Every structure is written in structure tokens, then in C-alpha cells.
Amino acid sequence: MNPSRAPGSRVAGQSNPNASIGDKLSSYATSAAMGLADSYSGIWQMNKQFGDKANSVANSVLGTNLDTNAAERYNKQYQQANLATDGARSVAGRTGGDWVRGGAEIAATLPIYAAGRGATIGARMADQGVRGAAVGAAQYAENTDDRLLNMGVGAAGGAIGQGVGEKVAGAVGKGVTKAVNAKRGNLAPAYKEIDDLGKQFDVRTSVGDIKGGGVIKNTETHLERIPIVGMGKFREGQHSQAKAASRKITGKLKAVMADTDYKALPTIRQAAAAGDRNAARVLNIVETAGDDTGRVLQASAEVRAFRESKIASKLYDKVDEAVAASGNDIVTPTNTQSALTKTLDKQAASLSPDDVIVRELTDIQRNLADTSKPKNFANMRQLRSRLGSLSSELGISGKGAASKTMGDLRQAVDDDIAEFALNSGNTAIKKAYQRADKFYKNAMKRADKAIANAMDSNKPDEIYKAFIKTGQGDRANNFYQALDPKGQAALRFAMADEAINKATNESTGSFSPANFAKEFERLSDPYSNIFKGDDKKQMDGLVKLMRHIERAGQYKENPPTGVRLTDIAMVGGVMSNPIGTAKIAGMAALAKTLLTTNAGKNLLLAANKLPENKQVALDNLLKMAAKLSAAAGAKTGQEANNSVAGTKIANNAPLTSF
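Quick look at the structure, then.

Rules and cut-offs
Residues numbered from 1 in each chain as written. Predicted model: local features only at pLDDT ≥ 70, side-chain atom pairs only at ≥ 80, totals over all residues. Heavy atoms only, no water. Helix = DSSP H or I, 4+ residues; strand = E, 2+ residues; numbered from the N terminus. Buried < 20%, exposed > 50% of the residue type's maximum accessible area, 1.4 Å probe, protein only. Contact = heavy atoms within 4.5 Å. Areas by Shrake-Rupley, 256 points an atom, 1.4 Å probe, with all protein chains shown as cover. Salt bridge = Lys/Arg side-chain N within 4 Å of Asp/Glu carboxyl O. Core = buried A, V, L, I, M, F, W, Y, C linked by side-chain atoms within 4.5 Å. Axes fitted to C-alpha atoms, helices over the stretch in contact; angles between N-to-C directions. Parallel < 35°, antiparallel > 145°, perpendicular 65-115°, else oblique. Left-handed = near helix turned anticlockwise from the far one by under 90°. Nonpolar A, V, L, I, M, F, W, Y, C, P; charged D, E, K, R; others polar. Expected span 1.5 Å × (residues − 1). Arc of directions from axis to C-beta.

The next subject is the overall build of the chain. Within the chain, the regular secondary structure consists of 30 helices and two strands. Going through the 658 residues of the chain one by one, you find that 46% of them count as buried. Taking as baseline every contact in the chain between residues at least 6 positions apart, the subset at least 24 positions apart corresponds to 75%. Accessible area of the chain: about 31900 Å², with a carbon and sulfur share of 53%.

Written out as C-alpha cells, the structure is:
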């Protein structure tokens, strides 16, 4: 029986207590007639729906005015017949379920089940499942979901009925569970995850997308070759939704970058106003960055470096205070003097000495020899800072050798300061120095050479590439930690934006979900370093969804050709061979509906798999759709093309007469 008819078909309503024998006989006859109609009304309904669709296409292509409301009229007639049947039951005093109508429906479909065959129980159950699905499809349905439910219940009922008849109790339990899960939408967990991701990102998914290869995926590929009722439009829509989803999440990442402020910006402004040249330089980089990702990353790193230099300075001030309190602040510059002498001797022996190195180091050597200038802790700190600034400035200007020389000399000064603090015998000095030194060394870890080079104001566009090149582990994490929150947000946006660029064909505008996912998979280590918490969870979900819907990009990039029907060919096929075309389109539409609607997913992906023999029945149904769509579709398309090419349609009337 049809589990879901039009409203009013099950209960008679107000009964007539004085019904005559004639009233009852008339009511029984009406119910029996409706039961017979229920068994095949869906066929008429689908034919009229397809006819309306074909006429609509014909009107659009050929400019005709063919009827497109046949299905709507049929549905109204069916509902009126329902009401009339219920009215007859009320007049006859019949209440409760209409078992005459149900019995007539069962009797009408029994010959279909009786014709079943099969050498084994499994084969017979599979055969009955296919017959049950066909009977379900032939019944009246309010909508697509209803028709799919009819088919699912019919398939399960036919197969289970055969199993019960042959005492296959195990199969019954699984089949019933499958039917219940299909009705409730209880998908298997792995399938439900992808289905939920599709809903989360507003991207349609098919059964083949969710489940993967095999019969279903093959069927979908064949259905893409059938226009109007096939899966081509579904794939095009899916492609547009995938493209929109990737841009939506990237847009959110960009908005977060824009809404996040640079950390400690008020402090930097205050320092710049007070005459701090470095603060003024950093402020200029910040204010000219705009929303350019590379410049935002550059500004972020500069802000972080400025903040850390100020923190380090305060920590070393604490060491200064402890040294002053001790009364012993003289640092012995043994390492510094040795490095100076070695470097200047090397320059003196060179045929092309570096004027900058010679000039700067000679001045330092002279100051160290001047007894009026004490080599105390404060002066040695200033010398270390001066050498650090020189190394940075020379590096930015492209003088790598000179930059390294200054960096090596700075390290020698640092070694002298460390030896003084750690060997002073003063606990306060030692502890204060260890805290300052630890902070400074952690900051220096983040100052990766690749980062420093990328931070060159002349090439901010290279910063993201430098991050990717740092590769795995600590280096990538150090790079990320060298940025303030705004820069970290910019890095996330840059990665997502780059993935979109690599997934988009510049010539056609087509988007490849596979290439989008591939970019994140390729950069799994850097990706894990910059995407955290909810951001990573959301992007992980999108990447997984993109992998499952990659067929959308393949279809858009290389749409089916050859035997693919055109809209005009389908119109020609309808006019020249409406019955054959209706069979092909009906099967294609049925399979597409099973594979792309929620009701179809509930049936084909429900938790608790169908017993193997019943699964075979569904697989056979889909295989049949694929084969008929491909083979018959090619034949109809060729016939239609031939007719259109000759400007003749079926009855030899010229095309212009329509």
C-alpha cells in the first residue's frame, strides 16, 4: 500500500448511521476503483511531469506555447477523487482505514511480485526488491521525497517479504532497521559527517560524493551526460556553491585580519612622538600597510620586534639596578677585544677592505682603549645595542658580509656581559641576568634568517613565501610566533587566499575543489602551525568536503561531450519518439532523484546496511539507469540531431510550423 496519499484518504470523517445497502455497495466500488488507481497513478503523474518539462523546454527553444500544467491538473483531479471516495465512505457509514481500497491496491500489484524468479534465496529477494521499488515508484506521490520513500519501502518490503516467506529471520531484522533509519534520516556516521559538512557550508552533495566510488559513482558520471533530467545542472550548481563556500570562509579570515588591531600601537605612537627613531620607523610601516597582506605581515613582525626589544630593555634595566646596588659594575672586555683585533687584522690584510667595517670597528677599538670611558655594565650594553643595530641596517641594505661581521662582534660583547653577570658572585645580578637573557634568546629564536630577509621593506610580498619555505617544526612555529595577532590573522588569510588562487583557472574561472584541498594537504605542517582551535576545525571540515565533491570541478573543467544530448536534441527526441524519450528521461530522473535528494540519501546511506542480496537489488537499479541513460540517450540524441539537422520532425512537418 502507498504509505502517504493525499490528505483525507484514510479516514471517512462524519459517518451516516442510516446508510443503505446501495450506499455501501457504491462506496465499496468507489474504494476499489481508487485502490486500482493508486497502484499506477504515479506512472501517469511522472509522465505528465516529464511532459510539462519537455514542453517548457520546447517553448523556450522553439518559441511554442505548449501546455505545461498537465501534472498540476492531474494532481487536483486525484485529490478531488480522494475527497469523493471519502465522501462516499461517509455516506455509507464507513469509518477507520479503507481496507477495500488497500486490498484492491495490493491485488493489482500481486501479479508483479508473483512473476519473480531466482535460483537462490538471495536472488529471489533481490528480484522482489527491484519489483517493490518499481511498484513504489508507480504509486501516487505528493512530492519527490514521498516517491523515494515509496520506492524505499517497496524495495525493502519486497525483499523482506520474500525473506520472511522463506524464514530468513536475520535479513528481516536488518531490513526493518534499514527502513526505519531511512525514514528517520539516520545515516551511517562516516556518511553523516560529509552530509553535515555539505549543509554547514551550503554545498549540495550527492550519494556518490559522500560514499565514494563503485556503482553509485559510475551511475552519477553517466547521468551527467543527460540534459534536463540528468545530473549536469546539479554539478554546475555544486561547482558554484563550492566556489562560493571557499570565498566565504576566506572573506571571514580577511575580515578578522582587518578587525584585529596591531598590538601595543599606542605605545609605539607615544615613543615616536617622544623622538624614538625606531618607533617612528615602525609606525610608518604600520600606517602604510593598508590591507595588503604582505605589508600587514611586515608591519606585524616589526611591531612584535619593537615590543620585545622594549621588554628586553626593561629586563636588562633590572640587571643594571642589581649591578649598581652591588658596587661592582666593571666588565672585562676580553672576548670583545679579541674579536676586534682579529677582524681588523683580516681587513688590513685584504686587497679590498670594507670601509664600513674598518671605520666602525676602529672607532670602537679607540673607545675601548680610552681610560676615561669606563667599561662598565651600562656602557657595554650600549655597545651591544649599537652593534645589533649596525648588523640589522647592513643586512637590510644588502651588505650581508658586513652584517655578519657586526653580528659576530655583538656576540663577543654579549659573551663578556654574560661572564660578568654569571661569575659576579652576586645572586641578585645572576637571577636578573638569567631572566633577561632567557627572554632575549627566545625572541632571537623567532628571528629566523628567512624572516629577517623577508622583512626587508623592499619585498613584503616575499614574507608568505618565506614562511612556507621554513617548512616543518620549530622554524615554521617560530615564524608564526614572530608575528602579533594581526599578523597571525593575515597569515591565515594568505594561506586560504593562495589556495583559492591555485584552485581557480584564470582563463575560464572554473574552480577545482581538489586543488583547493591539495594546497592545504601539501602544506600540512605550516597549516597546523597557523590554524588553531575553531579556525582549524572549520577549515579541516571545508578541506574534507572539497575532497568529496571534487567531481564538481572536473565536470566544470571538462564537461561531457560526444554522446551528450543538447536541449534542442532532447526536444527533437520528445517530438519524434515521446515514449522512448520518456522512458530514458524517466529512468534518468528517477536515478538522479535517488542520488541527490535528502530522501534518496536517507535510503542509500542509512545506518545498518541492507543485507548483501538487497543491496544488489538497489545496485542493479542504478546500473540499469546508467546503462539506459548512456545507450538509449545516445540513440535518441542521434535520432533527434538527425531530425533537427534536416529541419524535419517525426511527421515530416517543417520546423518552422511549430
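Any two side chains of opposite charge can pair, so long as their charged atoms come close to each other. Taken as a whole, this structure holds 27 salt bridges when the rule is applied. A salt bridge links glutamate 287 to arginine 269; the nearest nitrogen and oxygen atoms lie 4.0 Å apart. You can see glutamate 287 sitting in helix α12 (residues 277–287) and its partner arginine 269 sitting in helix α11 (residues 265–273), a full 18 residues away along the chain. Among the ionic pairs, arginine 492 bridges to aspartate 535, the shortest N-O distance being 3.7 Å. In this pair, arginine 492 sits in helix α22 (residues 485–503) while aspartate 535 sits in helix α25 (residues 533–548), placing the two residues 43 residues apart along the sequence. For aspartate 535, a relative accessible area of 31% gives the class partly exposed. Each member of the salt-bridge network shares a partner with another, and the members are Asp209, Lys217, Glu220, Glu224, Arg235 and Arg551.

This next bit is on the nonpolar core. Among the nonpolar cores identified, the biggest contains 70 residues, and Met495, Phe516, Phe520 and Met539 are the most heavily contacted of them. Looking at which element gives the most residues to this core, the answer is α22, with 10 residues. Phenylalanine 516 has contacts with Ser246, Ala496, Ala499, Ile500, Ala503, Phe511, Met539, Leu542 and Met546, leaving out every residue within four places of it along the chain. Val319, Val323, Leu368 and Ala432 belong to the second largest nonpolar core, which has 33 residues in total.

What follows covers the packing of helix α15 (residues 355–369) against helix α17 (residues 400–422). Remark: α15 packs on α17, axes separated minimally by 10 Å, with the N-to-C direction vectors making an angle of 20 degrees. As far as their axial angle goes, α17 and α15 are roughly parallel. You can see that α15 and α17 cross each other, and the crossing is right-handed. Across the interface between the two elements, Val356, Ile357, Glu360, Leu361 and Ile364 of α15 pack against Ala402, Thr405, Met406 and Leu409 of α17. Grouping the amino acids of the contact of α15 with α17 by side-chain chemistry returns seven nonpolar, one polar and one charged.

A separate point is the packing of α11 against α12. Axis angle and axis distance: for two packed helices, these are the angle between their axes and the distance between the axes, and together they describe the pair. In contact at an axis separation of 8 Å, α11 and α12 are set at 130 degrees when each is read in the N-to-C sense. It follows from the interaxial angle that α11 and α12 lie oblique. You can see that α11 and α12 cross each other, and the crossing is left-handed. Contact with α11, carried on its side by Leu265, Ile268, Arg269, Ala271 and Ala272, involves Ala279, Ala280, Val282, Leu283, Val286 and Glu287 of α12 and no other residues of that element. A breakdown of the residues in the contact of α11 with α12 according to their chemical character gives nine nonpolar, no polar and two charged.

This brings us to helix α14 (residues 334–348). Between its first and last C-alpha, α14 extends 21 Å over 15 residues, near the 21 Å set by a 1.5 Å rise per residue. If you check which residues of α14 are buried, you get Thr336, Ala339, Leu340, Thr343, Leu344 and Gln347. Burial along α14 is one-sided: seen end-on, the buried residues are contained in an arc of 120 degrees. The exposed residues of α14 that point more than 90 degrees off its buried face are Thr334, Lys342, Asp345, Lys346 and Ala348. Check the buried side of α14 and you find it contacts α15, α16 (377–396) and α17.

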